[in-house]
Structures are given as C-alpha cells and as structure tokens.
Amino acid sequence: MMESREIQLKRRPVGTPAADDFAMVEVPVPAPAAGEVQVRNLWMAVDPAMRGRMSDAKSYIPPFELDAPMEGPAIGEVLASGDPGFAPGDLVFSRLGWREVFNAPASMLQQRDRKALPTQAWLCFAGMPGLTAYAGLIRIATLKPGDVVFVSAASGAVGSIACQIARNLGHKVIGSAGGAEKTAFLRDVLNVDAAIDYKAEPSLTKALAREVKAIGASGIDVYFDNVGGDHLQAALALANNFARFAICGMISQYNVTDAPTVPRNLTMLMTKRIRMEGYIALDHMDLEAAMVAQMTGWNAAGEMASAETVYDGIERALDAFHGLFTGANIGRTMVRLA
Ligand code: NDP
C-alpha cells in the first residue's frame, strides 16, 4: 500500500501560529474504491484565509478539523481511478492540499487543461487568486474607463493579478508593498504607474498623496483592499467622490488580538459618497469561465506575468504559510510536492 505525508492541525493557534500547532503525519493510501480517484498532488498553494480556518471563530467557511489534514487549493495528477470520468495522467484541481497522495470521491475533483496554461497557473492567475482579483475589480468595484486604481499587498497573489488586470484594461495603477525588492517588482515586472514601499513611509496617507500627484491624478477612484488598517485609512483620505472600494481582505488584522484602531476617518464614506463592499470570491464562481478565457488570452499575448514564490516539499509548507505574514513571499505562494 502507498504511504503519503500530510500536515494536520493539532491545536488552534492564538496569535501567530507556532510549529507545535501542527504535525506531519504519515498515512497509508489504499487503492481507490469505486467512485474514488487516487491523486498525487503536484502543487499546493497557501493563502492567508487558512489562518482564519485554523481558529474556530464563525466565518464564511468552516474551520479546519483538529487531528485531520488541513485543506487548500492543489493541482495534482491522477494515479489510479475508480471513476469513469477520470483516467491516470489527468490533471485535476481539488481543495485537498497539505497532503501528497490521497483518494477522494470524483465529485471533489475538477479536470484542468494541461495544454492551455502552465500547471501552476491553475492555482494562480487562472485559479482563485485570479477570480478574486477579477471579481473584485470588475463586479464589486465596477471598473470604469479612466479610473485610477490603488492596490494594497500589490505584490502578493491576488494583488499582483489585480494590478495586471487593471493595467491591461488601460487604468493607471498605484501599488503598495513592503520593501524595495517588492516595489521594484511592482514597477519592473507588473509595470504599475507608481509603487509605494509602505514599510519605508512614516505616513502612508502622505505617500499615497505624493504618488497620486506624481501620476497626474486628483485622487483614487478604486481601492482594491487586501490589507485594511492604515492602508484603508490612506485610501479613504485620497478617494475621489463616488470612489468604489472592493474589500477583498484585511491581512493587517488577522493576527491582531486587540481591537483595531484604524481607520479613523470612516466619515469620508459619507462625505465622498464612497461605496465600500466586502466580498468573497466563492460567491462569484459564475465569473470563472470569463476570467479563465481572459487570463488565457493575456497569457498567450505575454501580458500576464506569473508571479510566484515556490517552496519545495511538504516539509516546507508551514514555512511557506508563515511567509505570507512576514512578507517573505512575492506573488502566489506555492509548494511543489512532486
Ligand atoms: P498574499 O500573497 O498577498 O500574501 C499576503 C501579503 O500581505 C504578504 O505578502 C504581505 O506583503 C502582505 N501583508 C502581510 N501582513 C501585512 C500587514 N500587516 N500590512 C500590510 N501588508 C501585509 O496573499 P493573498 O493574495 O492570498 O491574499 C491577499 C488578501 O486577499 C488577504 O487579505 C486575503 O485574506 C484576501 N483574500 C480574499 C479572498 C476573498 O474571497 N475575499 C480570496 C483570497 C484572498 P508585504 O510584504 O507587501 O507586506
């Protein structure tokens, strides 16, 4: 019988997750039963939402179970199949990351086209980060010609795609990220119009005002928020009237145990008639086919840079996850499993 390694949650972390909140466990994997498929994961991705699922606070998605492998987006190859819809060699997407080889009911797997895109792209710009960025800009922020777009955590998985979508659609884009390497990436690879190193700025509001002026704009029309806190406060301060804020995430708040102190300027929502809307990409799966078609076209035209940080082996998966919160990673954070 085949053996596989998986990472289980052993204890619900308080604040920043610690190594002994998790355990690597070796498990036997029998031949797949009828209706099941056996998959070897090739890649898994980690994302900040997993931090939420490690705690048992009520959320839009259930918490990870204790003493069971965690879950997350993965792309794998079928090894053996007990279902007529799948054959060895098929490329499949699942939400069964954090493990190497597994059996799952066929209904938990989706076929992906090997030839259309590089394998990892199905976890990156043609996967959930792509859908998150696309839905946030197109549906939630209702991007309009001429909009100036501000993106926070702009060098990250979702942020780097949001920057590229806005840029490819002809918008001026200001991105914010932590550190000189990341801002160079924003300028040189993502071709944004202005980049802010928020870690080097004593006042994010002043920095955003400076960059708005530098690109010849009067303010921002769209804020794609990945961070919350100071970034949201600066975006409110620099918003034009009738700006739209797509609240995708608030990573600056996820490991915080005290009540948030910023933003302090929420009254601007009213005085500037700003529309601010939070959303969850899973509610916008109807946009997936349009998003994949758009991304495939941009990729073929060389207009979609694949931004990723790769860790090798399941034993590095927790390092990859920690890198999301320490700022160590650029683009989608992925673990190569085979
Ligand atoms: P990223 O790849 O962007 O990784 C997170 C990045 O956030 C880090 O690289 C880091 O970059 C930045 N960051 C971390 N802590 C802080 C902080 N205190 N202040 C400012 N920036 C910080 O992750 P994702 O692209 O997967 O996720 C981005 C956001 O989108 C998250 O908030 C996530 O929860 C949200 N999300 C929401 C979805 C939805 O459906 N609404 C779906 C998927 C993601 P830096 O070095 O620049 O600080």
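The coordinates are above.
Rules used throughout
- Residues numbered from 1 in each chain as written.
- Predicted model: local features only at pLDDT ≥ 70, side-chain atom pairs only at ≥ 80, totals over all residues.
- Heavy atoms only, no water.
- Near = heavy atom within 4 Å.
- Polar contact = N/O pair within 3.5 Å; in protein donor to acceptor, adjacent residues only side chain to side chain.
- Nonpolar A, V, L, I, M, F, W, Y, C, P; charged D, E, K, R; others polar.
- Pairing = 2+ DSSP bridges.
- Helix = DSSP H or I, 4+ residues; strand = E, 2+ residues; numbered from the N terminus.
- Axes fitted to C-alpha atoms, helices over the stretch in contact; angles between N-to-C directions.
- Buried < 20%, exposed > 50% of the residue type's maximum accessible area, 1.4 Å probe, protein only.
- Contact = heavy atoms within 4.5 Å.

### Quick word on the site of the ligand
The immediate surroundings of the ligand are formed by 26 residues, with Val158, Lys182, Tyr198, Tyr254 and Ala281 found nearest. Within the backbone of valine 158, an N or O atom sits 2.7 Å from an oxygen atom of the ligand. Contact distances for the ligand include 2.7 Å between an oxygen atom and a backbone N or O atom of alanine 281. In terms of residue class, the shell around the ligand is built from 15 nonpolar, nine polar and two charged.

### A closer look at the sheet that holds strand β8 (residues 148-151)
Taken in spatial order, the six strands make up an open sheet running β10-β9-β8-β11-β12-β13, and their pairing is parallel. Bordering the open sheet on either side are β10 (194-197) and β13 (275-278), each of which pairs with just one other strand. Across the sheet, the mean angle from the axis of one strand to that of its neighbour is 15°, orientation sign disregarded. With four bridges connecting them, β8 and strand β9 (residues 172-177) associate as parallel partners. Residue pairing in the sheet places phenylalanine 150 in a bridge with isoleucine 174 of β9.

### A closer look at the pairing of strand β5 (residues 91-94)
Of the two faces of β5, the one lined by Leu91 and Phe93 and the one lined by Val92 and Ser94 are each fully buried. Two elements, strand β4 (residues 74-81) and β5, share four bridges in a ladder whose sense is antiparallel. Bridged to alanine 74 within β5 is serine 94.

### A few points about the side chain of serine 4
Here serine 4 lies in strand β1 (residues 2-9). For serine 4, the side chain forms a polar contact with the main-chain nitrogen of valine 101, separated by 2.9 Å. Once residues within four sequence positions are removed from consideration, serine 4 is found in contact with Val25, Glu26, Val27, Val29, Glu100 and Val101.

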